[in-house]
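# Remarks on the overall topology
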Amino acid sequence: MLHAHEARTLRPQKTASTLKMTDITERAARLSAFDGHEHVWLGEDETRGLTAIVSIHNTALGPALGGTRVWPHATFDDALTDALRLSRGMTFKSAIAGMPFGGGKAVIKADPKTEKTPAMLEAYAEMLAALNGQYYTGEDVGLTLADANFLRERTPNVSGTTTGGSGNPSPVTALGTFLGVKAALKHALGSNSVKGLRIAVQGLGSVGWSLCERLHAEGASLIVADIDETRARQAKEAFAADVVESATIVTAEADLFAPCALGAVLSKDTIPHLGAKIVAGAANNQLARHEDAGHLMPRGVLYAPDYVINAGGLINVAAELDADGYDREAVMAHVRRIPETLTHIFERAHAEGRPTNDIAQAMAEERIGRACAA
Ligand SMILES: NC(=O)c1ccc[n+]([C@@H]2O[C@H](COP(=O)([O-])OP(=O)(O)OC[C@H]3O[C@@H](n4cnc5c(N)ncnc54)[C@H](O)[C@@H]3O)[C@@H](O)[C@H]2O)c1
């Protein structure tokens, strides 16, 4: 495996490849989201329409693992910032979940509906292969199970596939999130039942939809929003949900708000207008800035740290890479411990008068620190 700043150039394995790979670690270091990343790679292929960033934050606990996001960020630096923030979150997620993996994430700057082509994914598979085991990936926003299968046929460093893998991790993420929602309710309201509660869900994709199914089945009343109107209409029919605009779901009066779309939904601007006193959802990087949690506490808002509650998918894909083979029962047992970890964080945060994300980060850093010291 490569170590921090050891390698400056990598070449695709196919000699006639049009893919160009550049180490952009130094460029990334100029952004405030950098946080000491070990490596950041840019893969460009003009012919096949690829602009991809692979961001490797910390490999103290093992090789970097994290999904690939396909999203049309407005600028390259927006995409780079997203990749950096997401891979840092993966380091903490893996550490808290006790997985032998480090933090990594990739962003392909493209519209997944109109610009994602087989040729682009082909070029991206070459990039993954050239990274030679530094980084393992799978689904995220804009990268589907079919895409993961396509990549897996071309390079081994892909998890969460149905071509020899354990399949789409999203339902497992949704299960962990659902159990985490219950843990948050129990801590804040004294009961973990969702029956009769109003729950606002932002984002009705793979995870958000699956979470809604569970909440609806147990009698919650749902308020939903998605920028995809078809998805929102389907949720109205399937769950008798109230549909609101995406911009207003943050303020919707509810017992709990579950962000399941993109990040930065909790900021100093949105927090004063939150319509719920509990925030527990699957989206990565819900806080615009780590410090924004300081605005939640004085308002009595309980926040379930995103990388703790949404770790189900990671636990599932990591198990697929286990040398002893994938064990579904062990995965489910591990996911069922997410509420226990959350409850510990809630109680410690309450006892110490600190934000829940501070406690989660301290726990993750302790484990990473122990690995570095060993
Ligand atoms: N899939 C997983 O296993 C997994 C694991 C951990 C974390 N997450 C995180 O959970 C979130 C959802 O992931 P997913 O796999 O369901 O993605 P997805 O692409 O299947 O769904 C995302 C949904 O959010 C909607 N959306 C985007 N921007 C929105 C906005 N501003 N307002 C309302 N809706 C919006 C999209 O239209 C889409 O329906 C992401 O933040 C992802 O990083 C996913």
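What counts and how
Residues numbered from 1 in each chain as written. Predicted model: local features only at pLDDT ≥ 70, side-chain atom pairs only at ≥ 80, totals over all residues. Heavy atoms only, no water. Helix = DSSP H or I, 4+ residues; strand = E, 2+ residues; numbered from the N terminus. Rg over C-alpha atoms; globule rule 2.2 N^0.38 Å. Buried < 20%, exposed > 50% of the residue type's maximum accessible area, 1.4 Å probe, protein only. Contact = heavy atoms within 4.5 Å. Areas by Shrake-Rupley, 256 points an atom, 1.4 Å probe, with all protein chains shown as cover. Core = buried A, V, L, I, M, F, W, Y, C linked by side-chain atoms within 4.5 Å. Domains from an automatic or database assignment. Near = heavy atom within 4 Å. Polar contact = N/O pair within 3.5 Å; in protein donor to acceptor, adjacent residues only side chain to side chain. Salt bridge = Lys/Arg side-chain N within 4 Å of Asp/Glu carboxyl O. Pairing = 2+ DSSP bridges. Patch = residues over 30% accessible without salt bridge, like charges linked within 9 Å, V, L, I, M, F, W, Y side chains within 5 Å. Lys, Arg positive; Asp, Glu negative; His and termini not counted. Charge placed at Lys NZ, Arg CZ, Asp CG, Glu CD. Buried area = accessible area lost by both parts, 1.4 Å probe. Right-handed = clockwise from strand over helix to strand, strands pointing away. UniProt positions renumbered as here; feature names shortened; annotations may be inferred.

## Some remarks on the overall build of the protein
Of regular secondary structure, the protein possesses 14 helices and 13 strands. Taken over C-alpha atoms, the radius of gyration comes to 20 Å for the protein, in line with the 21 Å a tight globule of 374 residues would show. Structurally, the protein occupies a C-alpha span of about 60 × 50 × 40 Å along its principal axes. Going through the 374 residues of the protein one by one, you find that 57% of them count as buried. A separation threshold of at least 6 residues defines the contact pool for the protein, and within that pool the share at least 24 residues apart is 64%. A total accessible area of about 15,500 Å² is found for the protein, and carbon and sulfur atoms account for 50% of it.

## Some words on the nonpolar core
Ranked by size, the top nonpolar core spans 64 residues in total, and within it I199, V201, L215, L222, V224, L256 and I315 carry the most contacts. A total of 8 residues in this core trace back to one element, the largest contributor, which is helix 5 (residues 170-189). When residues of this core are sorted by domain, at least three fall in each of domain 1 (20-152) and domain 2 (170-310 + 339-366). Every residue in contact with L215, bar those within four places of it in the chain, is listed here: F178, V181, V194, I199, V201, A220 and L222. In terms of nonpolar packing, the next biggest core, distinct from the first, is built from 28 residues, A110, L121, A125 and Y135 among them.

## Comments concerning the site of the ligand
Inspection of the region around the ligand gives 26 residues, with T173, D226, S246, A261 and N284 positioned closest. Between a nitrogen atom of the ligand and a side-chain N or O atom of S246, the distance comes to 2.4 Å. Between the ligand and A282 there is a distance of 3.3 Å, counted from an oxygen atom to a backbone nitrogen or oxygen. Within the complex, 87% of the 830 Å² of free accessible area of the ligand lies under protein. Put simply, the parts of the chain that give the shell around the ligand at least two residues each are strand 5 (68-71), helix 5 and helix 6 (206-217). Per-domain counts for the shell around the ligand show at least three residues from each of domain 1 (20-152) and domain 2 (170-310 + 339-366).

## Brief notes about the pattern of salt bridges
Within this structure, the stated rule accounts for 19 salt bridges. For R154, the salt bridge is made with E122, and the minimal N-O distance between the two is 3.2 Å. One end of the pair, R154, is in the loop between helix 4 (145-152) and helix 5; the other, E122, is in helix 3 (residues 118-130), with 32 residues separating them in the sequence. The partly exposed category is assigned to E122, whose relative accessible area is 23%. Here the residues in one salt-bridge network are R69, D82, K105 and D140, joined through shared partners.

## Some thoughts on the pairing of strand 3 (residues 50-58)
Across the 9 residues that make up strand 3, a large majority, 8, are buried. Strand direction decides the pairing type here: strand 2 (residues 39-45) and strand 3, joined by 7 bridges, are antiparallel. From the neighbouring strand, V40 faces strand 3, where its bridge partner is S55. Once strand 2 ends, the chain turns through 4 residues before running back antiparallel as strand 3, passing G49 with a positive phi of about 70°. Note: strand 3 against strand 6 (residues 102-109), 6 bridges, orientation antiparallel. By the bridge assignment, I56 is partnered in strand 6 with G104.

## Describing helix 4
Along helix 4, the residues classified as buried are D147, A148, N149, F150 and L151. Looking at the buried positions of helix 4, the neighbouring elements they touch are helix 3.

## Remarks on a negative patch on the surface
Residues D322, D324, D327 and E329 make up a contiguous surface patch of negative charge. Tracing the sequence through the fold places D324 in the loop between helix 11 (312-320) and helix 12 (328-335).

## Considering the domain arrangement of the protein
The domains assigned to the protein are domain 1 (20-152) and domain 2 (170-310 + 339-366). For domain 1 and domain 2, the distance between their C-alpha centres works out to 25 Å. On the domain 2 side, the residues contacting the 14 residues of domain 1 number 17 residues. Roughly 1,300 Å² is buried in total at the junction of domain 1 and domain 2, and carbon and sulfur atoms are behind 59% of that figure. On the surface where domain 1 and domain 2 come into contact, there are 1 salt bridge.

## Quick notes on the pairing of strand 5
Each regular strand shows side chains that alternate between the opposite faces of the sheet. As judged from the 4 bridges shared by strand 5 and strand 6, these two strands associate in the parallel manner. The partner of R69 across the bridge, within strand 6, is V107. Between the parallel elements strand 5 and strand 6, the chain passes through helix 2 (residues 76-96) in a crossover that is right-handed.

## Section: the UniProt feature "binding site: NAD(+)" (unreviewed entry) in the protein
Using the residue numbers shown here, the UniProt feature "binding site: NAD(+)" (unreviewed entry) corresponds to G203, L204, G205, S206, V207 and G208. Mapped onto the elements of the fold, G205 is located in the loop between strand 8 (198-202) and helix 6. In this structure G205 touches S210, D226 and R231, once residues within four positions along its chain are discounted. Relative to the elements of secondary structure, G208 occurs in helix 6. The buried category is assigned to G208, whose relative accessible area is 1%. With residues up to four places along the chain from it excluded, the contact list for G208 reads V201, G203 and C260.

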